[in-house]
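# Structure assessment
Single-letter residue listing:
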Amino acid sequence: MIQIAIDGPSGAGKSTVAKAVAKRLGIIYVDTGALYRTVGYYVRSRNVDPKDATGVEALLPEIHVDLKYENGMQIVTLNGENLGDRIRTPEMSLYASAVSAIPAVRAFLLETQREIARRNSVIMDGRDIGTVILPNADVKIFLTASDECRATRRRDELVAKGISTTYEEVLADMQKRDSDDRNRAVAPAVAAPDAVEFDNSWMTPEECTDAIVKLISDKVGITV
Ligand code: DC
């Protein structure tokens, strides 16, 4: 069983690379941001301010978030319903970031994440995987890229999904969200002391995947 943690700011390419690495190594890719997005979605649907810690905490007993896999694809359900791309909007990014700063929300989602890593070999992407969720992960990577690269990638992703937005809008939202995630009191989005930091601004997704697969095989001694 192996555990690989990939943390870093939004738009650094964590999910693209982690998905490709998972495929190459034959292990499970866990997108933990989807869990926070799902909680954010519920909070929005109940018209509660995502920064209102007491209000959000009061909703948690009504929320059942489940993580499962179908044909290697992660499915997150909210009270039995698969929300699909409804959790992928810019608004849900901000809701997810706001609720993720609430300690009760982090505690609520902790066991779901650890449980999946106990039962499977995983590559898990998020903000606090190497620092909090899997502190003993075999390999920890902190993936970054310049603000310009990350905003361009995120804009292209959103436009491809039919969500109309501009580079400036994406850049501003992204910088606010990253600063909130990095500066929050609980589980801030920072590199673990034993993480390998990786700037992929000038790499293609394939080059970055190759470099990370090499890093993992060197560290864990597996051949791929
Ligand atoms: O990875 P993402 O963009 O889907 O994450 C959405 C938000 O969820 C992110 O801004 C911060 C929060 N998050 C977190 O706090 N911890 C994680 N492990 C994953 C996401």
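As a reminder, the structure under discussion sits directly above these lines.
Residues numbered from 1 in each chain as written. Predicted model: local features only at pLDDT ≥ 70, side-chain atom pairs only at ≥ 80, totals over all residues. Heavy atoms only, no water.

### Observations concerning the site of the ligand
What surrounds the ligand is a group of 15 residues, the closest being Arg37, Arg106, Arg177, Asp181 and Arg184. In this structure, an oxygen atom belonging to the ligand sits 2.8 Å away from a side-chain N or O atom of arginine 106. A distance of 2.9 Å separates an oxygen atom of the ligand from a polar side-chain atom of arginine 184. Out of a free accessible area of 440 Å², the ligand has 97% covered by protein chains. Those elements giving two or more residues to the shell around the ligand turn out to be helix H2 (33–45), helix H4 (90–100) and helix H8 (167–183). A class-by-class count of the residues in the shell around the ligand yields three nonpolar, five polar and seven charged. (Near = heavy atom within 4 Å. Polar contact = N/O pair within 3.5 Å; in protein donor to acceptor, adjacent residues only side chain to side chain. Areas by Shrake-Rupley, 256 points an atom, 1.4 Å probe, with all protein chains shown as cover. Helix = DSSP H or I, 4+ residues; strand = E, 2+ residues; numbered from the N terminus. Nonpolar A, V, L, I, M, F, W, Y, C, P; charged D, E, K, R; others polar.)

### Overview of the sheet that holds strand E5 (residues 81–82)
Taken together, three strands build an open sheet; the order of strands is E3-E4-E5 and the sheet is antiparallel. Looking at which strands have only one partner, the edges of the open sheet turn out to be strand E3 (65–70) and E5. As paired strands, E3 and strand E4 (residues 73–78) are joined by six bridges and run antiparallel to one another. For leucine 67, the partnering residue across the bridge sits in E4 and is valine 76. Packed on one face of the sheet, H2 meets E3 and E4 and runs near 25° to E4. (Pairing = 2+ DSSP bridges. Contact = heavy atoms within 4.5 Å. Axes fitted to C-alpha atoms, helices over the stretch in contact; angles between N-to-C directions.)

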